[in-house]
Structure formats: structure tokens, C-alpha cells
6 protein chains.
Amino acid sequence: MSGPILVINPNSNPEVTAGLDRMLEAYRLQGGPEIECLTLAEGPFGIESQRDSDSVILPLARLVKSRQDAAAVVLACYSDPGIDACREATSAPVYGIQECSVLTALTRGERFGVIAIGQASVARHRRYMRRMGLIDRLAGERPLNLSVADTTKGGAVFDRMAEVGRELIGDGADVLILGCAGMVRHRQPLQEALGVEVIDPVQAAMGMALGRVLAG
Amino acid sequence: MSGPILVINPNSNPEVTAGLDRMLEAYRLQGGPEIECLTLAEGPFGIESQRDSDSVILPLARLVKSRQDAAAVVLACYSDPGIDACREATSAPVYGIQECSVLTALTRGERFGVIAIGQASVARHRRYMRRMGLIDRLAGERPLNLSVADTTKGGAVFDRMAEVGRELIGDGADVLILGCAGMVRHRQPLQEALGVEVIDPVQAAMGMALGRVLAG
Amino acid sequence: MSGPILVINPNSNPEVTAGLDRMLEAYRLQGGPEIECLTLAEGPFGIESQRDSDSVILPLARLVKSRQDAAAVVLACYSDPGIDACREATSAPVYGIQECSVLTALTRGERFGVIAIGQASVARHRRYMRRMGLIDRLAGERPLNLSVADTTKGGAVFDRMAEVGRELIGDGADVLILGCAGMVRHRQPLQEALGVEVIDPVQAAMGMALGRVLAG
Amino acid sequence: MSGPILVINPNSNPEVTAGLDRMLEAYRLQGGPEIECLTLAEGPFGIESQRDSDSVILPLARLVKSRQDAAAVVLACYSDPGIDACREATSAPVYGIQECSVLTALTRGERFGVIAIGQASVARHRRYMRRMGLIDRLAGERPLNLSVADTTKGGAVFDRMAEVGRELIGDGADVLILGCAGMVRHRQPLQEALGVEVIDPVQAAMGMALGRVLAG
Amino acid sequence: MSGPILVINPNSNPEVTAGLDRMLEAYRLQGGPEIECLTLAEGPFGIESQRDSDSVILPLARLVKSRQDAAAVVLACYSDPGIDACREATSAPVYGIQECSVLTALTRGERFGVIAIGQASVARHRRYMRRMGLIDRLAGERPLNLSVADTTKGGAVFDRMAEVGRELIGDGADVLILGCAGMVRHRQPLQEALGVEVIDPVQAAMGMALGRVLAG
Amino acid sequence: MSGPILVINPNSNPEVTAGLDRMLEAYRLQGGPEIECLTLAEGPFGIESQRDSDSVILPLARLVKSRQDAAAVVLACYSDPGIDACREATSAPVYGIQECSVLTALTRGERFGVIAIGQASVARHRRYMRRMGLIDRLAGERPLNLSVADTTKGGAVFDRMAEVGRELIGDGADVLILGCAGMVRHRQPLQEALGVEVIDPVQAAMGMALGRVLAG
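Cut-off values and rules
- Residues numbered from 1 in each chain as written.
- Chains lettered and ligands numbered in written order.
- Predicted model: local features only at pLDDT ≥ 70, side-chain atom pairs only at ≥ 80, totals over all residues.
- Heavy atoms only, no water.
- Axes fitted to C-alpha atoms, helices over the stretch in contact; angles between N-to-C directions.
- Helix = DSSP H or I, 4+ residues; strand = E, 2+ residues; numbered from the N terminus.
- Parallel < 35°, antiparallel > 145°, perpendicular 65-115°, else oblique.
- Left-handed = near helix turned anticlockwise from the far one by under 90°.
- Contact = heavy atoms within 4.5 Å.
- Nonpolar A, V, L, I, M, F, W, Y, C, P; charged D, E, K, R; others polar.
- Buried area = accessible area lost by both parts, 1.4 Å probe.
- Salt bridge = Lys/Arg side-chain N within 4 Å of Asp/Glu carboxyl O.
- Polar contact = N/O pair within 3.5 Å; in protein donor to acceptor, adjacent residues only side chain to side chain.
- Least-squares fit on C-alpha atoms with pLDDT ≥ 70 in both.
- Pairing = 2+ DSSP bridges.
- Patch = residues over 30% accessible without salt bridge, like charges linked within 9 Å, V, L, I, M, F, W, Y side chains within 5 Å.
- Areas by Shrake-Rupley, 256 points an atom, 1.4 Å probe, with all protein chains shown as cover.
- Lys, Arg positive; Asp, Glu negative; His and termini not counted.
- Charge placed at Lys NZ, Arg CZ, Asp CG, Glu CD.
- Domains from an automatic or database assignment.

Colleague: Explain the packing of helix 9 (residues 201-214) of chain E against helix 9 (residues 201-215) of chain F to me, please; I cannot follow it from the model alone.
Modeller: A pair of packed helices is captured by two measures, namely the crossing angle of their axes and the spacing between those axes. In the contact formed by helix 9 of chain E and helix 9 of chain F, the axes pass within 8 Å of each other and the chain directions differ by 135°. Between helix 9 of chain E and helix 9 of chain F, the angle falls in the class oblique. Our pair here, helix 9 of chain E against helix 9 of chain F, has a crossing hand that is right-handed. Counting all contacts with helix 9 of chain E, which are made through Q203, G207, M208, L210, G211 and L214 of chain E, the residues of helix 9 of chain F involved are G207, M208, L210, G211, L214 and A215 of chain F. In the contact of helix 9 of chain E with helix 9 of chain F, the residues fall into seven nonpolar, five polar and no charged.

Colleague: How do you make sense of the interface of chain D and chain C when you look at a structure like this?
Modeller: In many reports, interface size means the accessible area that the parts give up when they come together. At the junction of the two partners, chain D supplies 36 residues and chain C supplies 36 residues. Three residues stand out in chain D for area buried against chain C, namely L29, T107 and L214 of chain D, and they jointly supply 20% of the buried area on that side. Our count for the contact surface shared by chain D and chain C stands at two salt bridges. Put simply, E197 of chain C and R212 of chain D hold a salt bridge, and the shortest N to O gap is 2.7 Å. Applying the counting rule to chain D against chain C returns 15 residue pairs in polar contact (both at pLDDT 80 or more). Contributing elements (two or more residues each) for the side of chain D that touches chain C: strand 4 (94-96), helix 5 (97-105), helix 6 (120-132), helix 8 (187-194) and helix 9 (201-214) of chain D. Per element, the largest residue contribution to the side of chain D that touches chain C is seven residues, and it comes from helix 9 of chain D. Its residues assigned to classes, the side of chain D that touches chain C shows 15 nonpolar, 13 polar and eight charged.

Colleague: Sorry, what's going on with the relation of the copies chain D and chain C here?
Modeller: Mapping between the two copies of the chain is achieved by a rotation about an axis and a shift along the axis. Relative to chain C, chain D is turned by 180° and slid 0.0 Å along the rotation axis, the superposed coordinates differing by an RMSD of 0.0 Å. In symmetry terms, the pair is related by a two-fold rotation axis. Take the interface residues of chain D: 100% of them recur as interface residues in chain C, which is what a same-surface contact looks like.

Colleague: Just to check I follow, could you spell out the sheet that holds strand 4 (residues 94-96) of chain E for this structure?
Modeller: Strand pairs in the sheet, formed through backbone hydrogen bonds, run parallel or antiparallel to each other. Residue and element names in this part refer to chain E. Spatially, four strands are ordered 2-1-3-4 in an open sheet, and the strand pairing comes out parallel. Whereas interior strands pair on both sides, the edge strands pair on one side only; in this sheet they are strand 2 (35-39) and strand 4. Taking the axes of each pair of neighbouring strands and ignoring which way they run, one obtains an average angle of 20° across the sheet. Together, strand 1 (5-9) and strand 2 form the strand contacts of helix 1 (residues 14-23), whose direction differs from that of strand 2 by roughly 170°. Contacting strand 3 (72-75) and strand 4, helix 5 (residues 97-105) runs over the sheet at an angle of about 75° to strand 4.

Colleague: So what exactly am I meant to see when it comes to the relation of the copies chain B and chain A here?
Modeller: Superposing chain B onto chain A takes a rotation of 180° combined with a translation of 0.0 Å along the rotation axis, leaving an RMSD of 0.0 Å. When you check the interface residues of chain B against chain A, 100% turn up at the interface there too, and the contact is symmetric in its surfaces.

Colleague: Please clarify how a negative patch on the surface should be interpreted in this entry.
Modeller: Together, D136 of chain A, D136 of chain B, D136 of chain C, D136 of chain D, D136 of chain E together with D136 of chain F line one region of the surface with negative charge. One can find D136 of chain E in the loop between helix 6 (120-132) and strand 6 (138-143).

Colleague: Explanation requested: the environment of G216 of chain A in the structure shown.
Modeller: Position of G216 of chain A among the secondary structure elements: in the segment after helix 9 (201-215). Remark: the alpha-carbon pair of G216 of chain A and R137 of chain A, spanning 79 residues in sequence, is separated by 32 Å. Excluding residues that lie within four positions of it along the chain, G216 of chain A makes contacts with R187 and Q188 of chain B.

Colleague: What is the right way to read the domain arrangement of chain A from this model?
Modeller: Residue and element names in this part refer to chain A. Here the domain parsing of chain A yields domain 1 (5-96 + 203-215) and domain 2 (98-201). Computed over C-alpha atoms only, the centres of domain 1 and domain 2 are separated by 20 Å. Broken down residue by residue, the surface that domain 1 buries against domain 2 is led by Y78, Q203 and A204, which jointly contribute 40%. Linking domain 1 to domain 2 there are two salt bridges. The closest approach of N and O atoms between E99 and R87, which form a salt bridge, is 2.6 Å. Connecting domain 1 to domain 2 are 16 residue pairs in polar contact (both at pLDDT 80 or more). Every element with two or more residues in the side of domain 1 that touches domain 2 is listed here: helix 1 (14-23), helix 4 (83-89), strand 4 (94-96) and helix 9. Looking at side-chain class alone, the side of domain 1 that touches domain 2 contains nine nonpolar, five polar and four charged residues.

Shown next as C-alpha cells:
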């Protein structure tokens, strides 16, 4: 088996990386590729603005370039920052979690909805989905309008997610995407509460990365 | 871990199923899901026409319905026959290899090309890609114009695949898809000969299925 | 004049066929083609699920193949089941009533709305319209959420149709399609009540079939 | 039965109108609507430029407005001149032959090709097809680069049409449209020579108009 | 410097032309092109219907053809009447104010909304935007449902514009277009009231025309 | 009059900035806005790769943020690097030369072609045009396959541009875009040699910026 799958947290918050590490435990199988979670030391503590997102492109590309041993790379921020530069920096496949979550959603429903963290990211995501050539299958994207920090809290967050999820279903969505790298623990409960598949973007990207590595 | 991933060969040729079984060995990891390859007894010996493709829908859906233990289902024929009926028959995720190969290609290039077996399938595939809402990213699909049987043979087949691949690159493709379930052994050599990523559809679907099952 | 126009009711309910026969009386003109309405003996009593729809493909294709005398074929179920297989089975033109109703709607308005029988068919119809490459002109599709049986009843059905029609006009539709083969008697009254053209899909398909046969 | 179907030749060449009259004989059935072919006295002798096409809008709309007895109107020029103004001028359905030919082509193939008279009209037609929301299904449009007058001549014209038709098939078309009101006599021979359905736009529009009138 | 930029008011109301003349004062710079505002004598007093819009095509094209000295032409009616005929009539660039306002909006937001005068024009504008290939970026178009005359009045008009603007923002618009040639004085106040960029179509077209002329 | 229009050369080659300064002389009109050309000191000497393009985002955004006096900003590199971050950094309108050239091309032709410097940028530009929602109007993009340095040379460059331009016209383009900030001197001769409008992207952006500033 070739090198590890690198999962890069583009912000510099090590707790986020630790969370990724824990959630990806399920993908570490004997005989399968190693999964290595990295924190981007140069990243901001959280990525909320366009500037935050753009600020990590060069360090991400450098990090990716320095790890030619990687069998695949996952960029674990929903803005897919630096995806083009990282793809230029390595011949290994590079997976953005937004891209993979949208592609995965298409296998599970007719139209997808996206639960975003904040209003500001909605237009940014729309541009990206249009760039993918896929926006015709978007039922809608709606923000929680909570800060990234809030999303790490408990019940109130879940209730708000369920509320937004129901609005998206009203918009025509029959599959939902969590538009953030750190909401995986809400995936299953939300799925049960709403009765539609809910996709975590990191899991979606990890699945595609793992599959690609096993293809040889 | 939940039930197995079922990989169903919708034709009744057991050698094709055996081939699938061998090629999927790499995806059988300790701690990961079981992968079970099935032959559709009611299927035709090969699927070449629309009628062939439609003839397997009901038996496929019955088979899928009878296996509620499955954690995921992969339909291993490039026409994705019966995908809607199978999705209706089970709450497990169902993956068509055409759908998954196209989605996977979008992570690896700007425009994809498809190497089809025969001319007759090109219009059928176009309808399907338009249905996906993704045809804008198709650079072209071109047929080998060999029979399914021929594709199991050696060097001449490879040479023809490389020729068609080069034409597709000329059409603007920077990633290629093998438009058939039985060409995986040509993937790596073709990739090396042509210098662009080549995607095997069964591997693409298996990657997405495995990733989904591990997501829990 | 060549052979008859076959209108095939893909369900096995002879009353539905008889209704088709009566409504098509207006298209039987002296010097024009014969119109022959057939019941698909092998069909289910009604077509509501994906499975129902798929179950008629093979018998439909067989029936079409056995009638090489037909000048044209109309498939009288809004799901257009088996349209690809039927087109493969004959060189005569084959018309699906969904396809023809949508095409006809484009001549009568800027955006069309579809009154569907049930929620379950909405996603199926959307896939089909996307496959047609025409979904940009869909204002919306909304279900009556009545059973097929209910649609044969009186005033309450009409009131519900008018209610859904008004919602679709609110969605931006300026022409409406009856998304079922058996609602023709509501066409004219609905048109008068709502002030927009209402299209019956069987009439739309019959018009295109008749026109094609007269073209020689 | 209500009033006649008006077929309006927007140029002032009465021979063209006479030709329309003869070719539509097949659509005059006992019990069916009357078909009345009119010459637009104010029209130019032929319509080749944008100006020619625009010059007939007002007289066409006036003529249509003056004939509120019409059950349907067919505009027999491939540019569909004045279609919006005519639709505003009457509540009767108005059919443009370009629009109807394209819609009809979608029932007979995956991608259509258009045989145009001259280069100048290609961009105009593309704008119109984009306006229809249908240009994704256009394989290509290629001009004969003959004058309208030439198209009334014999064998050389046919040979050129076959040549252009073959190029369009090479572009991916599996159904062809004659992009002019006066080429119907070449339809059948071209179809036989090329092996794909060839659609005459006047026949396509007449079929939709007749079907609409019979719907009541 | 070459000839003047002609700004043609296609209606025959000289007050509208005078208003255009005043609002374009800001674009008359020393060393820059002359800007000449013309009234189309043959135009109707106002353009509200499709017929009104079509009625000006020929005189507009004649006027444009007679002014081969023009460096650029701006058609100052939001329906962009006669744009194709005018482009055929001159080799100078011809700018329609609807076209330019939409193109300009794309530089200032993710999705645009259009404030139309009346309901009747909404479908006409949609056809035009689809023809442009741009309708995917339309968030919505909503009518004031005031007459053109009303739009020249004061506060009540502004309040209605703000109301419609807020509805469009609710539809997802982050930039708005004034869908009429005579509302420029509301642009700045509306922008301030709503907090999104508001585009006047005449200014948008004049900017593109001026830029083109200065390019030499 | 408000502040200046900033034209930022994102590479650090002062000769390029000087060239921009000279070519924009025509846009400096008495009474109009000041035009100030800046070199991005932190930029690479030339922008050829994705990494080059991404490397200027943060310094560009900083520069833009530091100049809140600007009435408008033009980013003078065809990759439109940092356009989103710059738009976030200022409330002044920000114009990318690729975006503006494409929008401008739509006013001058039915389908546009792009003459790119190198093959590597073609996919990057396609992603960007798809993101704009406009790729349906692209006839093709073809590279000169010369280095940026070569493009500053004489006759051989022009001959190659004319050759590529003719290929693009063969692809269906009726208007061409120079896909680089430094080719303006070839615009007029190319236009004369090829007989179609040729658009310089810096001029296109400057026109839109100037028009916007004059709008007040």
C-alpha cells in the first residue's frame, strides 16, 4: 500500500484537528491506507470570511507539495480553499469536502439542500457549485447564522439545524448536506429527525479518497 | 459493522461476476464491510441493447428487496439499469457505476471523456448524463465499436482504447472513464499511456459505497 | 394511408382504456389514420410506484414489436414507461404523453406547471424533465395527493386541482399540464376557472402522433 | 368544429403560398378543421435578413388580429417572425415552424441538426433556440449557402442537402430539421438517403396546430 | 475622436428624451465622445406591449442606418427593441439597456433581481434573459404594477420600489436592476434604503458604450 | 468627482504597469476620474500557474483595503486573481478583466472565442466561465502556447494570434477575446485581419469601471 491519506485542517485550531482524527477512526482499517490528520499551522483560528479562506491557499499548497508521499489529500474546510493550487502541487488526488459532499448528495436524492453556518458563505458556495456545473440540482442553501464556535455546542444548535433542515425540505430538498467540517455528530440524529439522508462533507471526501487509494 | 456491500452483476455470466470478485479483493479490509458479488440469474448473458438493460430491472429490484441486510448495493453494469426501482426497493444506498464514475471524474478533471463499448449506448448514456444535470462537463463519448466479448481480449483492445482515449483528449477531456464494467485491467496501463487519470466505474462505485458504509 | 395509431394504456384497467377510446373520438377523421386503443394485459391495475412503471417496460416493448403495422405509438401513462425500449422495438415514432405535454406546453407559455397525482412521482418527473434538457422552463410541479382512483371522482377533485393550479400560477406558471392520463374532462373547466391554458397529455401526444402520420 | 387553421406565408411570393397549400392537402380531413393558406401582402418577396424578418411583424400581427375566427395560426417562415406579437394579438394558439420543428425533433432523437439556408441565419436561430431553453440538444446547424431561390431547384440542391446532413450526423445529430419552409419535397428522399428522421418544419407545426384544434 | 454616441429613445415622448439628456450629462467629458439623444419620431408615446416594442424595430433600424457617423448606439428602452435589426444596420456597436444592465449586474452580485414596471413584461424579459444564456443568475423579476406614467411621480413610487426590492432580496437577489429607462433618480436613494447595489440600465449601457468608444 | 480608478497590475513587472498606464491614457478625460496604475510589489514577475495567481490574493486584498479612496478597482490580470477577496475588502466596485471581457463580448457576438497564452490556463478559465454561468456562449478557447514574454514580441506573435483566431472562428466564434492583459496593441490589427470584433480585456474592464464611476 502506498502512502497515507492526508486530512488537512486548514485552520490552526488543534481541537478541530483532534475532532477530525476521532471521527475518521472508522476509516482506519487493517490493510487500508494510513490516515493522517494535520493542522495547518499558518491557518487562522477559524475560517469565516473570503479572506480567511484565501489566506490558507499558499501554506496549504506548500504543505501538500512537501508531502509527495501522500496517496491522497483531503482539504477539511467546507470552502474547499486552495483546491486548485493543491491539485497543481501534487499528482495525488486532492478532495475538497464541499465538492465531495455535493457529488455524494447526487447519489442520494433528486435535489440537495445545504445547511450553512453563516449568511456570508452562501454566495461563495453558490459560485462554487455553479463552477462545478451542478447548481441545477441545488434546492437551496440556508444559513444557521450561528458562529463556528456556537456549532460546537449542544441542543440549541441541533434544534436550529433541524429547523433549517425542514425549511430546505420545504424548498424541495430530499437530501441534506452539513455545510461545515465540524458538525458530524449531528448527522445521524438529524437524519432520524428529518427522515432524509444527511451527508457529512468530511465523511463524503474520506470515502472518495479511500476508494481512490484502494483502486491502486 | 452492519451487513455486506452487495455488488450485483446484472448479467448472468458468472465469469463476469468472478472478475468483479477478484478486482474487489482490494476493498476487503479487516474491520471493513463484507463485499459480496452476486450474479443476476435472470439476467441476459450480456447487456447491449435498451431491452437487455430494461429486462433486468424487475429481477434486480426483487433481489435488492430480498436483501434488506445489505449495507449498500452496487449495480455493476454501466447502463445503471434499474437504479430507480432498486432505490425504491431498499433504504440502503444504491450506487450505479455510471453515476459514480461521472461524479468521481469531476474530482479529477475539468471535462471528462467516456470510452464506450458500442455506438448504440452513446445516446443512452447522454440521456442519463443529462438527467444527472452534468452533461456540460462531458467533453465527449466515443465508442470502441467492439463487442463486449472482444473487450475481454488482449493487445488489440488496448490499442483501440488508447486510440479512442486520444481522440477524447482531443475533444477536450482531461480525465477518462471506462464505460463498461469489465475493463479494469486496462485502467492503469491506459493511464500511463495517455497521461490522464482513467477511472474504472466499478472502483468508483465501490469507493463511494465503502465510504458510505464506514460513515455509519 | 398506412397503419393505425396505437394508443396503449399500460395498466390493465379496461375502463381506463375505454375512457381513452372515448376521448380520442375527436381525432378519428375520415381519411385520417385509424386510432386503436389497447390495454396492456400484463400491466398492473394502476401505475403509482417506480416498480409499477418499470414492470410494464418489457410487455410494452413486446406489444409494440408485435405491431409493426402501427404508423405511430402513444404510451398513455404520464411516466412514459418503456419509452426507450419501445423506440428500440419499432421504427415507427413512439410518443410518451409526458414528453409531448411538456413540449406542447412550451408553445403556449413561458413557464409550465405540472399538476401531479402524488408526491412520489414528482422527483421521477423531475429526473425525466432534466433528461429532456428542459427543466429550466418548469415553474413547478405540485401533487394533488389524491389516489389515481380519486381522480375519477367529481367536484372535490376539481376543487383540489384548481387549488393546486393556483399555487403553480403563483410559482410563475402561465400554462399548466395535467400530469396523468385520466383527467381530460377537467381540462376545459380548469382552463376557464384559472385563465391559463391547460394541457391534457394524451391529447398532446395524439396531436403529435396524428401530425406525424399525416406527414407521410 | 371551430374556425380554420390559418397558415400564413410571411413573404409576398404567392407561389410559396401555393406550395404550402398543396403540401398541406394531406392535413385536410373530413370532419377536421379547414386549413387556409394566406400570403402576407405586405411581406418582402423573400425573408433572408434580420430586417426582412422584422419587417413582417406588424402586418402579421394585424392579419392575425383581424382573424379572430381562426382556431389556430401557423407562421410559415423558419425565423418565426412576429411570434410574440401574434400571440399577443389573439387568444388562439400561434405556432412558429422553427419552434415546432425543434420540439418535434426532441421526440425523434437525442440531438438534432439543422440544415439552414444561409450562414447569416445560423446565429439568429441559435439565439432563438437558446431563448427556448433547448440549445443543449442541438448537435449543430450548418448552412447550405444557397439562396432561397436555389432551394426550389433540383438535384444539385438535394446533393448539397445530403452533404450537409452527413456533416451534421458527424456532429452528433440523429435527427435533422429542414431549416426553411420550402424544402418539404426533399424530406422523404433525404430521410432515405441518410437513414435518420428528417423533419419538415411546416409539417411539424401543422401537426401541433391540428392536434390542438381537435382537442377542443 | 470619432462620431457621437447616439442614445435613442424609442418612444416619441420628448420629455423622456430630455430626461435622458439630463441624466447623461455626467458622461459628457472633455476629450470624450459627444453624446446625442434622439427621439424616435415614429415611436408610440410609451412602450408597454409586445406590439409597441415591435412597432419601433423598422424605424429604429432605419434611423441607425442613416447615422453611419455614430461611434456607438444605445437603445434606451428596457425591452431592447430592434437590437438585432440595429446591429445588422450598422457596424458600430449597439447596446441594449436590458442587456447591459444584466451584464453589469453580474459584476456586482451573485444573483440579480429586476424591478419591472408591469406584469406583462416579465415573461418577455425572461425570454430575453434566457436568450442571453444568463437566466441562471436571475433571482427573480417582480412588477411594480404601476403604469409608465406613474413611475414619473414621487414618494409613493419610491415606496413601492423599495417594497418590491425587498421582496427580490428575499428571493435571493444581492443586486437590483431598475427595469425601465426612466427611474434613474430613484437609483441612489433605493441603494441606500436597501443596502444593495442598484443598477440603472441606461447608465449601464452608456458605460459600456463610452468604454467601447474610448477603446478606439 | 470621487477618488481614482485603481488599475492594479498583480505582477511585479513595472514595465507591464507602464504599458497599462500608456494604454489607459485614452480613458483619462477632463472632468472624469483619475486613473492610477499600480504595481503589486509582492507579486511574482509573471503570473502563469495557479500558484502564481493565488499568491497575489492576500497582497491584492491588502492593497485594495488600504485604498478606500478608490472609486473603482480594476484587477489587470486575465486570471482575475483575488477578485472575491478584493470585493470583500472594499465597498467600491471591483472589476476583473476576464469577467468584463466575457460580459462585453456578449454584446458583440453570439459566441465568443478566447485566445489564451498557454494550455495550462484553459481549464482554469473554463472553471471561471462556468462559475459565471456563461459557458454556454463560449465557442472555444485555444492557447497560443507562447510564453508571456514572447507575447511582447512582434510579427511572429501576431501571425500566431491570427492563426488561433481563425481556428476559433472555425469553432463558431464571431467575437474574440485577448486572454491576457498585455496584448492590446494587437487588437486593432487582428480585428482588421479577421473581420470580427476583438476585445481587449483591460479596455473592457476600464470601460465598465469608468461607466460605473460616472454613474455616481
